[in-house]
Amino acid sequence: MTIINTNEQGKSLLEVKNLSVAYGKVEALMNFNMRVNEGQIVSVVGPNGAGKTTLLSAIMGVLGSKGDIEFDGQVEQCPPIEKMVIRGLGLVPEKRELFSSMNIEDNLMLGAFQRYRHGDRTLNDTLEEVYSIFPRLKERRAQQAGTLSGGERQMLAVGRALMAKPKLLMLDEPSLGLAPLITREIFKVIDQLRGQGVSILLVEQNARAALKLADYAYVLEMGELSMEGKGADLVEDPRIIESYLGTNSKHQDVMAI
């Protein structure tokens, strides 16, 4: 394992310590350590099957795990999903998981369900904030989610997560299946969210775009940490270029912001 440096600059929002996940006897994640600081974009890159989605699912509490997950000052072991959402953790899953027969606005409002249950009456203000980020959603707010394009569906999935006012937003493969120009638009929104104070944990196969955007990044291979460092350093690292950027370099350049 090669460690370039550690992500110690800033106040920790999420710290994962010795996180392990197994599917039966198959170890999908082994003693993984990482940290996300307030106001950061942290990327996790790696090949298919490396354990990236498993990592996000374990942090969210979707999967059982061993190890400690410290979020916003509280340590959890196998955290309950609802509790993590209430405390400010949001996840946009790879498959987006929208309610296809419901319209855009109803999908968005479902993202604020826990806030509504706890008596928060500022949901419409948040809705307007989401519409300001994604004007296309406002234009189509009465349209059924199932009729949207891939890019619009991704915008809706991110917008729905933002309705919960997360302190940390976790994105699982946001560029998956999207055209290069739409991917650029999504990554620009991610950068915009950082500017608005949302911390982001980004899992992404498009290594070049993810590393260029990241303040800090981790490389996951076969369930283990293989490298870590500042995104700007890793994107220039010969080992990263050879492993992840070589054959797809030109295509990824188009998608990188």
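Asks: How would you explain the packing of aromatic side chains if you had to name every residue and give the values?
Replies: Under the counting rule described, the total for this entry stands at 2 aromatic pairs. Relative to Y218, the ring of F32 has its centre 6.2 Å away and its plane inclined at 65°; by these criteria the two rings are edge-to-face. One end of the pair, F32, is in strand β2 (residues 26–37); the other, Y218, is in strand β9 (residues 216–221), and 186 residues separate them in sequence. By the burial criterion, F32 is buried, and Y218 matches it. Cluster of aromatic residues (ring-pair linked, three or more members): F32, Y216 and Y218.

Asks: Which residues make up helix α7 (residues 150–162), and what values do they have?
Replies: For α7, spanning 13 residues, the distance from its first C-alpha to its last is 19 Å, which sits close to the expected 18 Å at 1.5 Å a residue. By the criterion of burial, α7 is predominantly enclosed, with 12 of the 13 residues buried. Within the sequence span of α7, burial applies to G151, E152, R153, Q154, M155, L156, A157, V158, G159, R160, A161 and L162. For α7, the secondary structure elements touched by its buried residues are β6 (89–92), α3 (104–110), α5 (123–133), α6 (135–139), β7 (168–172) and α8 (180–195).

Asks: Please give an account of the sheet that holds β7 that cites residues and values.
Replies: Ordered in space as β6-β7-β8-β3-β9-β10, the 6 strands form an open sheet in which the pairing is mixed. The open sheet is flanked by β6 and β10 (224–229), the only strands paired with a single partner. Ignoring strand direction, the axes of neighbouring strands in this sheet form an average angle of 15°. Together, β3 (41–45), β7 and β8 (199–203) form the strand contacts of α8, whose direction differs from that of β8 by roughly 150°.

Asks: Break down the pairing of β10 for me, citing the residues and quoting the values.
Replies: Most of β10 is tucked away: 5 of the 6 residues are buried. Here β9 runs beside β10; their pairing, made up of 5 bridges, is antiparallel. Bridge pairing links Y218 to E228 in β10. With antiparallel pairing between neighbouring strands as the criterion, β9 and β10 make up a hairpin whose turn holds 2 residues, including M222 at a positive phi of roughly 50°.

Asks: Tell me about α8, and please be specific about residues and values.
Replies: Here α8 contains 16 residues, and its C-alpha end-to-end distance of 23 Å stays within 8% of the 22 Å for a straight helix at 1.5 Å per residue. Among all positions of α8, only T183, I186, F187, V189, I190 and L193 are buried. All buried residues of α8 fall inside an arc of 150° around its axis, so they share one side. Turned more than 90 degrees away from the buried face of α8 sit L181 and G195, all of them exposed. Among the residues trailing α8, G197 stands out with phi positive, at a value near 95°.

Asks: Can you explain the layout of surface pockets? Please cite residues and give values.
Replies: Taken as a whole, the largest pocket encloses approximately 540 Å³ of empty space. As for the largest pocket, its lining consists of 20 residues, and the residues nearest its centre are V85, L91, L110, G111 and R160. Residue assignment for the lining of the largest pocket shows that the elements contributing at least two residues are α2 (81–87), β6, α4 (113–117) and α7. Sorting elements by how many residues they give to the lining of the largest pocket places β6 first, with 4 residues.

Asks: Tell me about the side chain of S199, residues and numbers included.
Replies: Mapped onto the elements, S199 comes out in strand β8. Side-chain polar atoms of S199 contact the backbone nitrogen of G39, separated by 2.8 Å. Apart from residues no more than four positions distant in its own chain, S199 is found in contact with L13, V36, N37, E38, G39, Q40, K167, L168 and L169.

Asks: Give a detailed account of the pairing of strand β4 (residues 66–71), specifying residues and quantitative values.
Replies: The side chains of a regular strand alternate, first on one face of the sheet and then on the other. Along β4, the buried face is formed by G67, I69 and F71; none of K66, D68 and E70, which line the opposite face, is buried. The pairing of strand β1 (residues 12–23) with β4 spans 5 bridges and is classified as antiparallel. Residue pairing for β4: S20 is matched across the bridge by K66. Bridge analysis of β4 against strand β5 (residues 74–76) gives 3 bridges, and the strand direction is antiparallel.

Asks: Kindly report on the packing of α7 against α8, identifying the contributing residues and their values.
Replies: Remark: α7 packs on α8, axes separated minimally by 10 Å, with the N-to-C direction vectors making an angle of 15°. Taken together, the axis directions place α7 and α8 in an arrangement best described as roughly parallel. Note that α7 runs across α8; the crossing there is right-handed. Along the contact surface, α7 presents G151, Q154, M155, V158 and L162, while α8 presents I182, E185, I186 and L193.

Conventions used here
Residues numbered from 1 in each chain as written. Predicted model: local features only at pLDDT ≥ 70, side-chain atom pairs only at ≥ 80, totals over all residues. Heavy atoms only, no water. Phe/Tyr/Trp six-rings, centres within 6.5 Å; stacked < 30°, edge-to-face > 60°. Helix = DSSP H or I, 4+ residues; strand = E, 2+ residues; numbered from the N terminus. Buried < 20%, exposed > 50% of the residue type's maximum accessible area, 1.4 Å probe, protein only. Expected span 1.5 Å × (residues − 1). Contact = heavy atoms within 4.5 Å. Pairing = 2+ DSSP bridges. Axes fitted to C-alpha atoms, helices over the stretch in contact; angles between N-to-C directions. Arc of directions from axis to C-beta. 1 Å grid on protein atoms, 1.4 Å probe; cavity = no way out; pocket = protein on both sides within 12 Å on 5 of 7 lines; lining within 4 Å. Points joined across faces, edges and corners; volume = space filled by probe spheres on them. Polar contact = N/O pair within 3.5 Å; in protein donor to acceptor, adjacent residues only side chain to side chain. Parallel < 35°, antiparallel > 145°, perpendicular 65-115°, else oblique. Left-handed = near helix turned anticlockwise from the far one by under 90°.

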